[in-house]
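Take a look at the letters that make up each chain.
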Amino acid sequence: MRITTPRWTPGDGAMRAVALEVLIHGPLSRSEVARRLELSPGSLTRLANPLLESGLLVEAGEQADGKVGRPQQLLDIVPGSRRFVGMKLTSEEVLGVTADLRANVLATESRKLKGTDPAAVVEVIAELAKSLMRGQPEVTAIGIGVGGLIEEHGLVRSAPFLKWNDVSLGSLVEAATGLPVIIENDLVAFTEYEHWFGAGRGLDRFAVVTLGAGIGYGLVIHDEIVSNDEFGIGLIGHWPLDPFGPVCSEGHRGCAKAILTDSAIAQSVSQALGKPVTYKAALNLAASGEPAARRIVDDAGRGLGRLLAAIANLTMPETVVIGGEGVRLASVASEAVEMGLRADRDPRTRPLPLTIRSGDNVEWCRGAAVVAIQTFVLGHRTDQH
Ligand SMILES: [Zn+2]
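Residues numbered from 1 in each chain as written. Predicted model: local features only at pLDDT ≥ 70, side-chain atom pairs only at ≥ 80, totals over all residues. Heavy atoms only, no water.

Participant: In this structure, what is going on with the coordination of the zinc ion? I would like to understand it.
Facilitator: Ideal geometry at a metal centre gives angles of 109.5 degrees when four donors are arranged tetrahedrally and 90 or 180 degrees when six donors are arranged octahedrally. Looking at the metal site, the zinc ion is ligated by His-238 (ND1), Cys-248 (SG), His-252 (ND1) and Cys-255 (SG), spaced 2.0 to 2.3 Å from it. If you look at the zinc ion, its four donor atoms make angles of 86 to 133° with each other, and the shape they trace is tetrahedral. In terms of primary sequence, the donors binding the zinc ion are separated according to H-x9-C-x3-H-x2-C. Residue class for Cys-255 comes out buried when judged on its relative accessible area of 0%. (Donors = N, O, S within 2.8 Å, 3.2 Å for Na, K, Ca; no water. Tetrahedral: all angles 85-135°; square planar, octahedral: opposite > 155°, others 65-115°. Buried < 20%, exposed > 50% of the residue type's maximum accessible area, 1.4 Å probe, protein only.)

Participant: Help me out: how do you make sense of the confidence of the model for the protein chain in this one?
Facilitator: Do not read the fine detail of predicted coordinates wherever pLDDT is low. Of the residues in the protein chain, 94% have a pLDDT of 70 or more, and the chain-wide mean is 92. Below a pLDDT of 50 lies the segment residues 1–8, which in the model reaches 27 contacts outside its immediate sequence neighbourhood of four places, other chains included. (pLDDT = per-residue confidence, 0-100. Contact = heavy atoms within 4.5 Å.)

Participant: I keep staring at the sheet that holds strand S16 (residues 354–356) and nothing clicks. Help me out?
Facilitator: Strands pair in a sheet through their backbones, by hydrogen bonds, and they do so in one of two ways: parallel or antiparallel. Spatial strand order, S14-S13-S12-S15-S16: five strands in an open sheet with mixed pairing. Of all the strands in the sheet, the pair left with one neighbour each is strand S14 (224–225) and S16. As defined by bridge partners, strand S15 (residues 320–323) adjoins S16 across three bridges and the pair is classed as parallel. Bridged to Val-320 within S16 is Leu-354. In the packing of helix H6 (residues 186–196) onto the sheet, the strands contacted are strand S12 (205–210), strand S13 (216–221), S14 and S15, and the crossing angle to S12 comes to about 135°. (Pairing = 2+ DSSP bridges. Helix = DSSP H or I, 4+ residues; strand = E, 2+ residues; numbered from the N terminus. Axes fitted to C-alpha atoms, helices over the stretch in contact; angles between N-to-C directions.)

Participant: How should I be thinking about the environment of Glu-230 in this particular structure?
Facilitator: The residue Glu-230 is located in the loop between S14 and helix H7 (256–260) in this model. We classify Glu-230 as partly exposed; its relative accessible area is 39%. When the C-alpha positions of Glu-230 and Leu-149 are compared, they lie 7.0 Å apart, and in sequence the two are 81 residues distant. Setting aside its immediate chain neighbours within four residues, Glu-230 contacts Leu-149 and Leu-235.

Participant: Explanation requested: the packing of helix H2 (residues 30–37) against helix H3 (residues 41–53) in the structure shown.
Facilitator: A pair of packed helices is captured by two measures, namely the crossing angle of their axes and the spacing between those axes. In the contact formed by H2 and H3, the axes pass within 11 Å of each other and the chain directions differ by 115°. Every pair of crossing elements has a handedness; the one defined by H2 and H3 is right-handed. Residue-level inspection shows Arg-30, Val-33 and Ala-34 of H2 in contact with H3, the latter providing Leu-44, Thr-45, Ala-48 and Leu-52. Classifying every residue of the contact of H2 with H3 by side-chain character gives five nonpolar, one polar and one charged. (Left-handed = near helix turned anticlockwise from the far one by under 90°. Nonpolar A, V, L, I, M, F, W, Y, C, P; charged D, E, K, R; others polar.)

Participant: Would you mind going over unusual backbone geometry with me for this structure?
Facilitator: Pro-27 follows Gly-26 through a cis peptide bond whose omega is 0°. Here Pro-27 is to be found in the loop between helix H1 (13–25) and strand S1 (28–29). Phi at Asp-166 takes a positive value of approximately 50°, unusual for a residue other than glycine. Positionally, Asp-166 belongs in strand S10 (residues 164–167). The exposure class assigned to Asp-166 is partly exposed, which follows from its relative accessible area of 45%. Within the chain, Met-316 stands out as a residue other than glycine whose phi angle is a positive 50°. If you trace the backbone, Met-316 turns up in the loop between helix H10 (291–315) and S15. Looking at Met-316, the relative accessible area reads 53%, which means it is exposed.

Participant: Which parts of the structure should I look at to understand the sheet that holds strand S2 (residues 57–63)?
Facilitator: Overall, antiparallel pairing links the three strands, which are arranged S1-S3-S2 in an open sheet. Single-partner strands in this sheet number two, and they are S1 and S2. Of the pairings in the sheet, the one linking S1 to strand S3 (residues 72–77) comprises two bridges and is antiparallel in character. Note on S3: the bridge partner recorded for Leu-28 is Leu-75.

Shown next as structure tokens:
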């Protein structure tokens, strides 16, 4: 068993809790931090002082407090005090970002893979890391998102798109870079960004749906991502949406994979028009009113709406974030999505707030940076006991 331990963490448990509260929710007044963590003002001062001295926290001005009449001193994190690298591994390239402690992206870069042999991939990852770190303050840790089954934040148990089984990617990249490395399923990473710094920040429950080559689903409940060792299989991909739809590779008629993936939509439109059409072209045709493409894309949109309704009915999220490289479906077919969503919900339900992401690959890399940030701030991953 392999456990990645960062070289520096913000102090003991209580001190870490202060850093974490300010990182995720700051700037916060001292009294608000004390209230949230049930600390006396004296204890908070004792815990915050070393964090202020180390440069991780800073006094960020004052806020008028109506009740007491005395302005409240604010505490905030210094996002630039630490640097992290986040990467996303695809079958053709490695994409990377440098990010600060709040996952603000400072630089982006990518490198083409020369092959998918682990040694060749690690070489490209190390080159990219070196290039991303050039001219930057010292990087604390590297996070890498991989679409597959990941164990112990280091071992790629299986990643079919690379034809990998049991590759100790974490140790290999640590050896090549000399830095702590966290490997995580890419969808977990994407969801953790939304959890700490994105649309799910401060919410009790929210879900993530990603569209693209596969259909991804992430769920956070009571401040914890719901996951198990099957997470990387892509469990929502075979959710039934249309009893008369096309058949997926596993023989399901009208499952999410058969209707919503970019290849499924491109294939249906190509078939209808009798010529090969890419996903992007299919959506463009639908947007311009081409009848066959419009119908197919709207059917997919209605399917997406039904999927969102199922998620809303079963898990009661406060918002659903939609992302992934195929996310444009949600906007091109927005009316159909709305119809599908309404059709499967009780009329008394409130409208489900949706947050649509850009679909840029940087979003995956930012998520990978967040799992590195979490490891740094928590001292370990929350699910690593
Ligand atoms: Zn299926």
